[in-house]
Amino acid sequence: MPKPRSKRQAIRDERKAKRREKAVAAQEADSKPAKRRRLNDDNADGDATSNQGAAAFQDGPDPSQSRIGGLPPADREFFGMLSDQEQEYFRSVDEQLDIDDFPSQEERQLYLNSVFTEAEGKELKLACSQSCSRLMERLILMSNTRQKKKLFGQFGGHFLNLIQHRFASHCCETLFLQSAPIIAKELGGERDDILTDQDDPDEKPLPYMEELFLLTLDELEGHLGYLVTDKFASHTLRVLLIILSGRPLEQSQTKSLIHSKKKERILVPWKSDVSMESDSQLRAVPMSFNLAAKKIIADSVSGMNTTELRVLATHPTGNPVLQLLLELDIDLNGKADDESDHTTLLWRFLPDTPTSLKDATTPASDFVNSMLYDAIGSRLLETLITHCPGRIFKALYKHVFASRIHSLLRNDIASYPAIRILNRLSKEDLAAAVQQTLPEFGKLITLSRFNVVKTLFERCEARHASDEIENLTKALVDAFGSDPKSLVPKLCLPQPSETDDEKGHEPLAKKNRSALVSHGSQLTTAMLAIPGSPSNAIQASLAALPEELILQLATSSAPTSYVLANAMSTPSRNKIFHKTLVATLRPHTFQLAVSEHGNKVLNSIISMPSRGDGISVPFHIKQSIMEQLGQHEQELRDSFEGRRVWRTWKGDLWRNRHREWISWAKEADSISEQMAGEHQARRETGLRNGSVNENTPKGYVRNNDYAKKRKRDVESA
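No experiment lies behind these values; they were computed from the predicted model shown.

Criteria and cut-off values
- Residues numbered from 1 in each chain as written.
- Predicted model: local features only at pLDDT ≥ 70, side-chain atom pairs only at ≥ 80, totals over all residues.
- Heavy atoms only, no water.
- Helix = DSSP H or I, 4+ residues; strand = E, 2+ residues; numbered from the N terminus.
- Buried < 20%, exposed > 50% of the residue type's maximum accessible area, 1.4 Å probe, protein only.
- Contact = heavy atoms within 4.5 Å.
- Axes fitted to C-alpha atoms, helices over the stretch in contact; angles between N-to-C directions.
- Parallel < 35°, antiparallel > 145°, perpendicular 65-115°, else oblique.
- Nonpolar A, V, L, I, M, F, W, Y, C, P; charged D, E, K, R; others polar.
- Disulfide = S-S within 2.5 Å.
- Phe/Tyr/Trp six-rings, centres within 6.5 Å; stacked < 30°, edge-to-face > 60°.
- Lys NZ or Arg CZ within 6 Å of the ring centre and 35° of its normal.
- Salt bridge = Lys/Arg side-chain N within 4 Å of Asp/Glu carboxyl O.
- Core = buried A, V, L, I, M, F, W, Y, C linked by side-chain atoms within 4.5 Å.
- Expected span 1.5 Å × (residues − 1).
- Arc of directions from axis to C-beta.

A. Broad picture of the overall build of the protein chain. Of regular secondary structure, the protein chain possesses 41 helices and 0 strands. In the protein chain, which comprises 717 residues, the share counted as buried stands at 49%. Taking the intrachain contacts of the protein chain between residues at least 6 apart in sequence as the baseline, contacts between residues at least 24 apart amount to 73%.

B. Inspection of the packing of helix α26 (residues 466–479) against helix α30 (residues 533–543) at higher detail. In contact at an axis separation of 9 Å, α26 and α30 are set at 25° when each is read in the N-to-C sense. Relative to α30, the element α26 is oriented roughly parallel. Two secondary-structure elements touch here, α26 through I469, E470 and T473 and α30 through S533, P534 and A537. Considering only residue class, the contact of α26 with α30 consists of 3 nonpolar, 2 polar and 1 charged.

C. The arrangement of the state of the cysteines in detail. Counted by the stated rule, this structure contains 0 disulfides. C172 forms no disulfide, and the closest cysteine sulfur to it belongs to C171, at a distance of 6.9 Å.

D. Structural context of the packing of aromatic side chains. Tallying each qualifying case throughout the model produces 12 aromatic pairs. Centroid distance Y89 to F90: 5.2 Å. Interplanar angle 65°. Geometry classified as edge-to-face. An aromatic cluster of three or more residues is present, and its members are F152, F155, F159, F176, F213 and F289. Lying across the ring of Y208, R191 places its NZ or CZ 4.3 Å from the centre. In this arrangement the basic side chain of R424 is found over the ring face of F393, its NZ or CZ atom lying 4.5 Å from the centre.

E. Spatial organisation of the pattern of salt bridges. Under the criterion given, the structure shown has 18 salt bridges. The partner of R657 in a salt bridge is E660, and the shortest N-O contact between them spans 2.9 Å. Connected through salt bridges with shared partners, the residues E633, R637, D652 and R655 form a single ionic network.

F. Local environment of the nonpolar core. Among the nonpolar cores identified, the biggest contains 171 residues, and F401, L629 and W649 are the most heavily contacted of them. Ranked by residue count, the leading element in this core is helix α9 (residues 168–187), at 9 residues. Apart from the residues lying within four places of it in its own chain, the contact partners of F401 are V368, L372, I385, L396, L408 and I421.

G. Region of interest: helix α10 (residues 209–220). In this model, α10 (12 residues) spans 17 Å end to end at C-alpha, consistent with the 16 Å of a helix rising 1.5 Å per residue. Taken together, the buried positions of α10 are M209, L212, F213, T216, L217 and L220. Along α10, the residues classed as buried sweep out an arc of 140° about the axis, all on the same side. Lining the buried residues of α10 we find α7 (145–155), α8 (159–162), α9, α11 (224–227), α12 (233–245) and α14 (287–301).

H. Fine view of the side chain of T236. Looking at the secondary structure, you find T236 in helix α12. For T236, a relative accessible area of 1% puts it in the buried group. If we ignore the near neighbours within four places in the chain, the residues touching T236 are I163, S169, C172, E173 and F176.

I. Quick peek at unusual backbone geometry. Geometrically, the link from T353 to P354 is a cis peptide bond, its omega value of 0° lying close to zero. Assignment of secondary structure puts P354 in the loop between α17 (345–349) and α18 (363–372). Even without glycine at this site, S448 takes up a positive phi of about 60°. You will see that H464, though not glycine, has its phi angle at about 60°, which is positive.

Shown next, in the form of structure tokens:
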């Protein structure tokens, strides 16, 4: 049953009626050439339906202002509005699907079929409705292959207008993303939408999903130039490019390209046909998709000159699309041997490369220098540096970055492209870059460029540059006053006075402090993973911390708690390091167990072996911690974090069958000893290959790999 109308709903209906009258009046005023302005998207009244009428009147282009890629067409389609009864019905459907209290899958499917039958012919109105577009997204997520293809048919011919609509664009994105795995299935010969004897004999067979996507691209042909910078269409265009390229849909990097941070996530209890496991893998795509991707890349920038391309590179909306276009352009055309191909997007940005990079006055060098210090353009430069062919990267580093890499690493904007440069340098070039940076290392610490320092450590470890690692560690300790014990407090627990440069800006200071803590903790974790002096310096600093700072480290934030959790799984030359750390935290067992971040530290203790060369915690300390947890069993069960700790430590087994709990814990110890032996053999192999330096402590293993495998063994024991 729908909810009874409230006074607020009556006000909304009255406003909606006024909007409808204005919409009808605007449609009848054919003699007026001027287009009505759309009201502000972010209406202060938060009305659920008041913006529906205004959604039909999108902002018209201002002829006095030029726009990148040309001007969009002046006419926008208006698909009508849902009646009051229809809105009430679809609102109740949305609530019913959200509750999902169907007794069986068959009844749920029957209910969905009835909803699709009721929505037939109203799909465009639903997609453009502020209050019902979320329902349309939910229906797409729960639809089968046949229903998705029918939606393509309903949206067909209107995609150009839909992807530019504030609400319908999200429905188009969901439809494209959910239909992408079907393409791979149909390429393999699997089809679940073939008509059967039970279907209507007059119903026509549905086309392949590949054909539907190509028809959609045909609708957008000739309009890509201005869609790149459209507030809503640019996101849909990115989705189409991801699908055409066959890239995974669920990777974090892919998600950041497709959706904005404000994207609302629509959840459903189940999905009907296509398994989402394929979303995390590369997808097979037909050859026509590769040709379509090349055509989109060419058409998007074909009508732009060099100046317009540079403006697009610094455009807040166009830059992310341009990043994806450049990456796909390099993947599709980068392996071509013909260096004279002037049609590629990479050549448009860097003409006559790599030869032109030798001269600082050429357009290629000028483009790189102009993007280096631009907050938006530098992101495109990061993509170019990461994916450009090796011959271009070598010339780029030699003639543009090599002589000033140390100064770029200090800049708050140029440091990010410089980090991408470091990730591709050879051992010799990396050693030279480190030598350039060491004299000004103190400035990096003063400016809190912890992400730069972290990259230097990680790349030197990856390239087996042991001498540079020692020099970096010494420079870092000297920058903090030549006392290794001050590393962790300075990196992970900065005082407010160190980050609050200006009084009266508390929110900004709090945000800056959070970022500093995160970057400093990541640097600390990276140093723990590197054997020798970096790991020894961090462990010495942790061992010297007073009890209150260790507790603050465990409970204050997620990044700092990960530092302690990684320290628990990192071997040490100091045999009492782990015992001292755990003994310091033991009096605060209950506080850690109910802490949002501290429970991760407490759970890592049970994964530590009781005997070992590099890592060991006496078994009686674990027993003591379990006894303290048992004293607060009810309080632990009342909190989410407490229940997680109780389950990880197998509290029910300890309470009911104490001997079996002891056997389980000691069996975990034997597993950890076996694991340590395997990793010891790997360490010796790595030492012979030069991957670990001579200061590596005995029994050292990679903390991340060790912790993950050790945790799996404990959970399965």
